[in-house]
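Okay, here's what each chain looks like letter by letter:
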Amino acid sequence: MVTEIKERLERLRAELPASVKLVAVSKFHPEAVLRAAYDAGQRIFGESRVQEMLSKYEALPKDIEWHFIGHLQPNKVKYIAPFVKLIHAVDSLKLLAEIDKQARRCDRVIPCLLQLHVAAEETKFGFTPEECRAMLSGGEWRSLQHVAIVGIMCMATNTENQERVRRDFHEAYMFYKEAKRDYFSYSPGFNERSWGMSHDYPLAVQEGANIVRIGTKIFGPREY
Ligand SMILES: *Cc1c(COP(=O)(O)O)cnc(C)c1O
């Protein structure tokens, strides 16, 4: 297993442009599996459940960057605020305000991405482009001193239809550019585009991603 993970990571790194950050999505995998990836040089891990990320953080080396990639409930932010490196899926002003509050308690600024809903499925979380524009133009986020909005995250429609997936990523990229122009032109840190998973990351990179979140292709299938 250890050599397999190492080989898969090496293949991915060779394939991805140097400017694209690889988040190894380790949710549902035991610590030993993460340690194998760590020993192969991987330092960025993505988790989607608070308790799981917390116990892995406590057990594993402290130079790991922990990215929270799942849906985050405001009442759970406090558990990860001391150490989380990037929160990918901010989908409400309420959540952003709570992250700000908990980050202030830790004397930190927590980088966050706004999750854009571009997929066809109704079940996926995130702001529609209109909702996201309304939130940004409302301006309340500007008073939050302990969060830094550094980019956009999305998940594409879960379909074999490559054109649909490409269109979803493209929509996210266009929105990223619009937001950068209209709201973040003085924020050099607003640069992150998190899209692409195991089955669609090549398209995501073609459509402007600079962070990909890959689980299955590194660690194999998850056992739920
Ligand atoms: C699980 C998950 C991934 C990784 O999915 P794979 O298909 O295993 O690569 C990426 N992003 C999010 C938000 C996830 O929940």
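Scroll up to find the structure.
So, here is what we can say about the structure in this document. In this text, all values refer to a predicted model and were calculated from it rather than measured experimentally.

Grouped together as the largest cluster of nonpolar side chains are 67 residues, with contacts concentrated most on Phe-45, Ile-80, Ile-87, Ile-99, Leu-114, Leu-136 and Ile-218. Looking at which element gives the most residues to this core, the answer is helix H7 (residues 162–182), with 6 residues. Among all residues touching Ile-80, those that are not within four sequence positions of it are Val-50, Met-53, Phe-68, Leu-72 and Ile-87. In terms of nonpolar packing, the next biggest core, distinct from the first, is built from 10 residues, Val-25, Val-150, Met-153 and Ile-211 among them.

With that settled, consider the packing of aromatic side chains. According to the stated counting rule, one finds 7 aromatic pairs in the structure shown. Geometrically, the ring pair formed by Tyr-57 and Phe-83 is stacked, given 3.8 Å between the ring centres and 10° between the ring planes. In this pair, Tyr-57 sits in helix H3 (residues 50–59) while Phe-83 sits in the loop between helix H4 (77–80) and strand E4 (86–90), placing the two residues 26 residues apart along the sequence. The class for Phe-83 is buried, based on a relative accessible area of 12%. Seen from their ring centres, Tyr-173 and Tyr-176 are 5.9 Å apart, and the 20° between their planes marks the pair as stacked. Taken together, the residues Tyr-173 and Tyr-176, both in helix H7 and 3 residues apart, mark about one turn of the helix. The exposure class assigned to Tyr-173 is partly exposed, which follows from its relative accessible area of 24%. By the ring-pair criterion, three or more aromatic residues cluster together here, those being Trp-141, Tyr-173, Tyr-176, Phe-184 and Phe-190. Directly above the aromatic system of Tyr-38 lies the positively charged group of Arg-43, at a separation of 3.5 Å from the ring centroid. Note that Lys-62 overlies the ring of Tyr-57, its terminal NZ or CZ placed 4.7 Å from the centroid.

The space that makes up the largest pocket amounts to roughly 420 Å³. What lines the largest pocket is a set of 21 residues, among which Lys-27, Ile-69, Met-155, Met-197 and Arg-213 lie closest to the centre. Looking at the lining of the largest pocket residue by residue, the class counts come to 8 nonpolar, 9 polar and 4 charged. Within this model, the second largest pocket holds a volume of roughly 160 Å³. If you trace the second largest pocket, you find it lined by Arg-13, Leu-16, Pro-17, Ala-18, Val-20, Lys-21, Leu-22, Gly-41, Gln-42, Arg-43 and Ile-44.

Quick look at the pattern of salt bridges now. Applying the stated criterion across every chain yields a total of 11 salt bridges. Two residues, Glu-207 and Arg-166, come together in a salt bridge whose shortest N-O distance is 2.6 Å. With Glu-207 in the loop between helix H8 (201–206) and strand E8 (211–214) and Arg-166 in helix H7, the pair connects residues that are 41 residues apart, well separated along the chain. According to the relative accessible area criterion, Arg-166 is partly exposed, its value standing at 25%.

Burial along strand E2 (residues 44–47) is two-sided: the face carrying Ile-44 and Gly-46 and the face carrying Phe-45 and Glu-47 are both buried. Note: strand E1 (residues 21–25) against E2, 2 bridges, orientation parallel. Within the sheet, the bridge partner assigned to Ala-24 lies in E2 and is Phe-45. Taken together, E1, helix H2 (residues 31–39) and E2 constitute a β-α-β crossover, and its handedness is right-handed. Across 4 bridges, the pairing between E2 and strand E3 (residues 65–68) is parallel. Each bridged residue has a counterpart across the sheet, and for Phe-45 the counterpart in E3 is Trp-66. A crossover links E2 with its parallel partner E3, the connecting element being H3, and its sense is right-handed.

The rules behind these values
- Residues numbered from 1 in each chain as written.
- Predicted model: local features only at pLDDT ≥ 70, side-chain atom pairs only at ≥ 80, totals over all residues.
- Heavy atoms only, no water.
- Core = buried A, V, L, I, M, F, W, Y, C linked by side-chain atoms within 4.5 Å.
- Buried < 20%, exposed > 50% of the residue type's maximum accessible area, 1.4 Å probe, protein only.
- Helix = DSSP H or I, 4+ residues; strand = E, 2+ residues; numbered from the N terminus.
- Contact = heavy atoms within 4.5 Å.
- Phe/Tyr/Trp six-rings, centres within 6.5 Å; stacked < 30°, edge-to-face > 60°.
- Lys NZ or Arg CZ within 6 Å of the ring centre and 35° of its normal.
- 1 Å grid on protein atoms, 1.4 Å probe; cavity = no way out; pocket = protein on both sides within 12 Å on 5 of 7 lines; lining within 4 Å.
- Points joined across faces, edges and corners; volume = space filled by probe spheres on them.
- Nonpolar A, V, L, I, M, F, W, Y, C, P; charged D, E, K, R; others polar.
- Salt bridge = Lys/Arg side-chain N within 4 Å of Asp/Glu carboxyl O.
- Pairing = 2+ DSSP bridges.
- Right-handed = clockwise from strand over helix to strand, strands pointing away.

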